[in-house]
Amino acid sequence: MTEKKFNCLIMGAAGRDFHDFQSFFKQRPEFHVVAFTAAQIPFIETRSFPRELAGKYYATDIPIHSEFKLPELIAAHQIDFVFLAYSDLSFDDVMHKASLVQSLGASFVLLGPRHTQLESGKPVVSVTAVRTGAGKSPLSQMLTRHLKQAGFRVGVIRHPMPYGDLAKQVVQRFASYEDMDRHECTIEEREEYEPYVERGAVIYAGVDYEAILRQAETEADIIIWDGGNNDLPFYLSDLHIVVTDPHRPGHELSYHPGETNLRLAGAVVINKVDTAD
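Residues numbered from 1 in each chain as written. Predicted model: local features only at pLDDT ≥ 70, side-chain atom pairs only at ≥ 80, totals over all residues. Heavy atoms only, no water.

Enquirer: Describe the sheet that holds strand 13 (residues 239–244), listing the residues and the values that go with them.
Expert: In spatial order, the strands read 10-11-9-12-8-13-15; together these seven strands make up an open sheet with mixed pairing. Sheet topology places strand 10 (171–174) and strand 15 (267–270) at the edges, where each strand pairs with a single neighbour. Neighbour-to-neighbour, the strand axes of the sheet open up by a mean angle of 20 degrees, direction not taken into account. With four bridges connecting them, strand 8 (residues 124–129) and strand 12 (residues 222–226) associate as parallel partners. If you follow Val 124 over to strand 12, its bridge partner there is Ile 223. Its contacts with the sheet put helix 6 (residues 136–149) on strand 8, strand 9 (154–158), strand 12, strand 13 and strand 15, and the angle it makes with strand 12 is roughly 165 degrees. Across the sheet, helix 8 (residues 187–198) touches strand 9, strand 10, strand 11 (202–206) and strand 12, and the angle it forms with strand 11 is around 155 degrees. (Pairing = 2+ DSSP bridges. Helix = DSSP H or I, 4+ residues; strand = E, 2+ residues; numbered from the N terminus. Axes fitted to C-alpha atoms, helices over the stretch in contact; angles between N-to-C directions. Contact = heavy atoms within 4.5 Å.)

Shown next as structure tokens:
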């Protein structure tokens, strides 16, 4: 008896979606990813996810389509499951997407940490937030500075910003400005990486976060996860620090997956208290 394969779409924004594919779908041939749909990233629909990163169950690149094509993709490919894989959406937006998917006959799914978080052999401190712009990176930079002063080798791993050629961005290591030039970093990427490089720290990013973690472990005593938006950590954390924003009270209970971060927090930092009412 042939095992049934479920046709799947992954809705994302060139970050969490690629990680979910590699951590969950890549080794589960019963879930066949027909395509990614993307929003928020300009011209993302002109790219594809490379076959060499997709694994042995995929003979060709996996196409990336605009999310506007979701209804026709579900119909054309008889999609069974649509997996949501991007962050900083209001609860209303999440459920509107769920309602659209279900009205087209497919099931709407959110993967949880147990199926997507990778384990490290080194201690991991994760810094996430309940909303984008809450101030994660300054806190991550402060932690990096203090740990380095205490004599620890620190490897900082940044949430993905894969805006270029994915096949060339599998593992990116930044310890100098020349590294950023070599990887043709965008202004947005440089804004994230330069503060660490200026402080003599090494920061990693890319597409394959298993491979990134294993390289960082070879030269770090402690791993710091510097999250993006309000996404969940890609790694199982020994300490999960979650940043909240008093300028947006209530958002910690109305945005996905910010509330999940809040519920998972080992420590909560209320940021910007000197400027809030």
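Enquirer: Describe the pattern of salt bridges, and please don't skip the residues or the numbers.
Expert: Tallying each qualifying case throughout the model produces 15 salt bridges. Here Arg 190 makes a salt bridge to Glu 194, at a shortest N to O gap of 3.8 Å. Within this pair, Arg 190 and its partner Glu 194 are both found in helix 8, separated by four residues, close to a single helical turn. Assessed through its relative accessible area of 24%, Glu 194 is described here as partly exposed. For the salt bridge of Arg 214 with Glu 210, the shortest nitrogen-to-oxygen distance reads 2.8 Å. One end of the pair, Arg 214, and the other, Glu 210, are both in helix 9 (residues 209–217), four residues apart, so they sit about a helical turn from each other. (Salt bridge = Lys/Arg side-chain N within 4 Å of Asp/Glu carboxyl O. Buried < 20%, exposed > 50% of the residue type's maximum accessible area, 1.4 Å probe, protein only.)

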